[in-house]
Amino acid sequence: MGFKLDNIATGTVGGKAKTKPSVDIWKKEIHWFGSLFSNKKKEDFYTELGVLLKAGITLKEALELIQKGQKKEKLADFFEGLTEHLVSGRSFSESIRQKKEFTEYEYHSIKIGEESGTLAEITDELGNFFAKKNEQRRNLINALTYPIIILVTAILVVLFMLRLVVPMFQDIFEQNNVELPWITKVVVSASDFLQSYGLWFLLVVLAIIFSRRLLRNNVSVKRMRDRILLRIPYVGTFIKAVYLAQFTRALSLLTASRLPMLNSIELAGKMIDFIPLKDALAEVNQKILQGKSLSQSLKDNTLFDSKMVSLVKVAEETNQTEYIFERLNSQYSIEVQQRSKLLSTLLEPMIILVVGIFVGVILIAMYLPMFKLGSVLG
């Protein structure tokens, strides 16, 4: 069963938002972190929906049950809107297509489930997909949290020494006309720079933090960021494994739904938020249209390793595409777990070592003139 993607809309389609004439602003829910319907909520939604549908409950009743279980008013209204679309005669896939919180990947997966009569299985697979995606995100956060805490603490210690400790020594050296070694001059210059431009530097950092939300949807900025991350030793390999795991999981689900490979790759590219991989999949699509096989198309791009190319070639020869991509997803998921643990293990001592060097240089730079000061006073 295949779908033509010529008429895919780039934005939301139709639908008029309900407005209430008078709403107390203090009763509105404000989402400071994340979106209304995050990947974690999607995992819970699809998992629960799959269980209810497999239990024989109708789609409308299942959505009503999920709606009643929501504690937040906006989420309850969100699911109520989906139910109203169903009551008005629209299909579930068309209902979610009108919600910006859902991706085209989800829309086409649900549409496949409706047309093939496997909606319960598809929603269950979508729940597993988002569960894997959230697990990979948690692994990444767990791997980086402790090293980041150490790094931030170390930076604060170094800034404290440059801002307060070094000026105290500098005053002593100036009062006694002590000739400073070159290393002490460098540290003193860094301290002077921090005192003169420290506030501006802090404002720039805060501006970058607050502008991230505005820049995160800028394709040029994301492309530059992703390419830089990809070139960082070990970190780039780790990030690539994370997104390859997402890619193979998506293809496993789409090929299981008998969607043509060309359409599957196109949809997988739309749901992956990593520009180098999106560009690579666009190139793969073009080569498949030119008559090349999937394995040949993947082989021409360095982002896909020889393991994936070899297994995809086997899948093409044996017609076991779904099984092969499941195996690839399992392998990449294990690789992500192993690399996340190793990344955390490696970063901690490296940060401590670098910070120790900085602190040691500052202390040596301050104590070297003290010996000359001692001889002058003596």
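Right above here is the structure, for reference.
A brief look at the structure comes next. (Residues numbered from 1 in each chain as written. Predicted model: local features only at pLDDT ≥ 70, side-chain atom pairs only at ≥ 80, totals over all residues. Heavy atoms only, no water.)

## Considering the packing of helix H6 (residues 119–175) against helix H9 (residues 235–256)
Think of two packed helices as two axes; the pair is described by the angle between the axes and how far apart they sit.
Moving on, step 1. Running from N to C, H6 and H9 cross one another at 175 degrees; their axes reach a closest spacing of 10 Å. As the angle between them shows, H6 and H9 are arranged roughly antiparallel. Residue-level contacts link Ile122, Glu125, Leu126, Asn128, Phe129, Lys132, Lys133, Gln136 and Leu140 of H6 to Phe238, Val242, Ala245, Gln246, Arg249, Ala250 and Leu253 of H9.
Moving on, step 2. The residue inventory of the contact of H6 with H9, partitioned by class, reads nine nonpolar, three polar and four charged. (Axes fitted to C-alpha atoms, helices over the stretch in contact; angles between N-to-C directions. Helix = DSSP H or I, 4+ residues; strand = E, 2+ residues; numbered from the N terminus. Parallel < 35°, antiparallel > 145°, perpendicular 65-115°, else oblique. Contact = heavy atoms within 4.5 Å. Nonpolar A, V, L, I, M, F, W, Y, C, P; charged D, E, K, R; others polar.)

## Considering empty space enclosed by the protein
Moving on, step 1. Counting across every chain of the model gives one cavity of 30 Å³ or more.
Moving on, step 2. Roughly 30 Å³ of internal volume is contained in the largest cavity.
Moving on, step 3. Forming the boundary of the largest cavity are Lys132, Glu135, Gln136, Asn139, Ser333, Val336 and Gln337.
Moving on, step 4. Elements supplying a minimum of two residues to the lining of the largest cavity: H6 and helix H14 (321–377).
Moving on, step 5. Tallying contributions element by element places H6 first for the lining of the largest cavity, with four residues.
Moving on, step 6. In terms of residue class, the lining of the largest cavity is made up of one nonpolar, four polar and two charged. (1 Å grid on protein atoms, 1.4 Å probe; cavity = no way out; pocket = protein on both sides within 12 Å on 5 of 7 lines; lining within 4 Å. Points joined across faces, edges and corners; volume = space filled by probe spheres on them.)

## Section: the layout of surface pockets
Moving on, step 1. Considered as a void within the structure, the second largest pocket measures approximately 380 Å³ in volume.
Moving on, step 2. In this structure, the second largest pocket is lined by 13 residues; those nearest its centre are Leu159, Leu194, Gly198, Phe201 and Leu202.
Moving on, step 3. Looking at the lining of the second largest pocket, the elements with two or more residues in it are H6 and helix H7 (182–215).

## Focus on unusual backbone geometry
Moving on, step 1. Even without being glycine, asparagine 319 reaches a positive phi, approximately 60 degrees.
Moving on, step 2. Among the structural elements, asparagine 319 can be located in the loop between helix H13 (306–318) and H14.

## Section: the pattern of salt bridges
Moving on, step 1. If you walk through the whole model with that rule in mind, you get twelve salt bridges.
Moving on, step 2. Across the pair lysine 287 and aspartate 300 runs a salt bridge whose closest N-O atoms are separated by 3.5 Å. With lysine 287 in helix H11 (residues 275–289) and aspartate 300 in the loop between helix H12 (294–299) and H13, the pair connects residues that are 13 residues apart, well separated along the chain.
Moving on, step 3. Connected via shared salt-bridge partners are Arg223, Arg227 and Asp279. (Salt bridge = Lys/Arg side-chain N within 4 Å of Asp/Glu carboxyl O.)

## Some points on H13
Moving on, step 1. Spanning 13 residues, H13 covers 18 Å between terminal C-alpha atoms, matching the ideal 18 Å at 1.5 Å per step.
Moving on, step 2. Along H13, the positions that sit buried rather than exposed are Met308, Val309, Val312 and Ala315. Looking straight down H13, one finds its buried side chains confined to an arc of 120 degrees; they lie on one side. When the buried face of H13 is taken as reference, the exposed residues oriented beyond 90 degrees from it are Ser306 and Glu317.
Moving on, step 3. A positive backbone phi angle near 60 degrees is found at asparagine 319, which sits one or two residues after H13. (Expected span 1.5 Å × (residues − 1). Buried < 20%, exposed > 50% of the residue type's maximum accessible area, 1.4 Å probe, protein only. Arc of directions from axis to C-beta.)

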